[in-house]
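For reference, the chains in residue letters:
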Amino acid sequence: MLRVLGSPRGNYDQECRPVTNGRIRNLIVTEDVGPFRVTGLKPVVEKLRAALADVKQKEPECYNALGSAGMLCTRYVRGSKTSISNHSWGCAIDFTLEGKLDTRGDDKAQKGLIRMHPIFNSHDFFWGAAFKTEDAMHFEISRQQMLKWNEEGVFGDPVALHEEARLVALGDRGPQVEWIQERLNLVLGLDVEEDGIFGAATRASVIQFQRHAGIRPDGVATNDTMEALRRASPQ
């Protein structure tokens, strides 16, 4: 987010503060997305509306119980003094079901959220249930989608990024990471946890695959690595 859009404001704490970055502020909209209205980054709000329409069709019971605990909230991640929350850009949403928030950090999730998360994954949202501190109420737009929007000029003139910023590497998370984990398990017969988090075990498995495929074993999912994973046959 920082590389593509810049910082929403100059200082942060645990309180919701206004966005002061003019570029980001001009991209913020308040719109109806179906079951409620939200304030967030325009392309994310559009993605959210499409995902919720899909939920309405496939999981109507969940849809009818849905509420929102907020989308835009410029602050640090809860419990952190250094990490900026994706809510700060209006790129994430916290859901309620029947007016109740899922309890953060108890390693459990409301059934409705479990039923909804594959739909949101298919719309390029990452589910917070896979965070180190479980946050099942939370869905955020993927890093890969943000990079794609930047390249397409959705936010204005594209921000030039170093090639490394376009790759999938240690610390990244989202549906693309989950796909990599699925392919590694299928191709190499491994049991990497398919949690969408590019941690140490995933990196080690990428290195193993790169050696197997004759690619420089640096543990980064380069374009060559991704293409080799797509073409590889199961062992």
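Small disclaimer: the values here were computed from a predicted structure and weren't measured.

Enquirer: Which parts of the structure should I look at to understand the nonpolar core?
Expert: The nonpolar side chains of soluble globular proteins are, as a tendency, buried together. Counting residues in each nonpolar core, the largest one holds 44 residues, and the members touching the most others are Leu5, Leu41, Leu48, Leu52, Phe95, Phe120 and Met146. With 6 residues, the top contributor of residues to this core is helix H3 (residues 42–58). In this view, Met146 contacts Met1, Val4, Leu5, Leu41, Cys91, Ile141 and Phe155; residues no more than four positions away in its chain are not counted. Among the nonpolar cores identified, the runner-up in size contains 13 residues, and Val187, Leu188, Phe209 and Leu229 belong to it.

Enquirer: I tried to follow H3 on my own but got confused; where do I start?
Expert: The terminal C-alpha atoms of H3 lie 25 Å apart, and with 17 residues this matches the ideal 24 Å at 1.5 Å per residue to within 8%. Looking at H3, one finds that the buried residues are Pro43, Val44, Val45, Leu48, Ala51, Leu52, Asp54 and Val55.

Enquirer: Explain the packing of H3 against helix H5 (residues 111–122) to me, please; I cannot follow it from the model alone.
Expert: The relative placement of two packed helices comes down to the angle between their axes together with the axis-to-axis distance. At their nearest, the axes of H3 and H5 sit 9 Å apart, and the two run at 140 degrees to each other. As judged from the angle between their axes, H3 and H5 are oblique. By crossing handedness, the relation of H3 to H5 is classed as right-handed. Facing Leu48, Ala51, Leu52, Asp54, Val55 and Lys58 of H3, the residues of H5 in contact are Met116, Ile119, Phe120 and Ser122.

What counts as what
- Residues numbered from 1 in each chain as written.
- Predicted model: local features only at pLDDT ≥ 70, side-chain atom pairs only at ≥ 80, totals over all residues.
- Heavy atoms only, no water.
- Core = buried A, V, L, I, M, F, W, Y, C linked by side-chain atoms within 4.5 Å.
- Buried < 20%, exposed > 50% of the residue type's maximum accessible area, 1.4 Å probe, protein only.
- Helix = DSSP H or I, 4+ residues; strand = E, 2+ residues; numbered from the N terminus.
- Contact = heavy atoms within 4.5 Å.
- Expected span 1.5 Å × (residues − 1).
- Axes fitted to C-alpha atoms, helices over the stretch in contact; angles between N-to-C directions.
- Parallel < 35°, antiparallel > 145°, perpendicular 65-115°, else oblique.
- Left-handed = near helix turned anticlockwise from the far one by under 90°.

Note that all results are geometric; they support no functional claim without further evidence.
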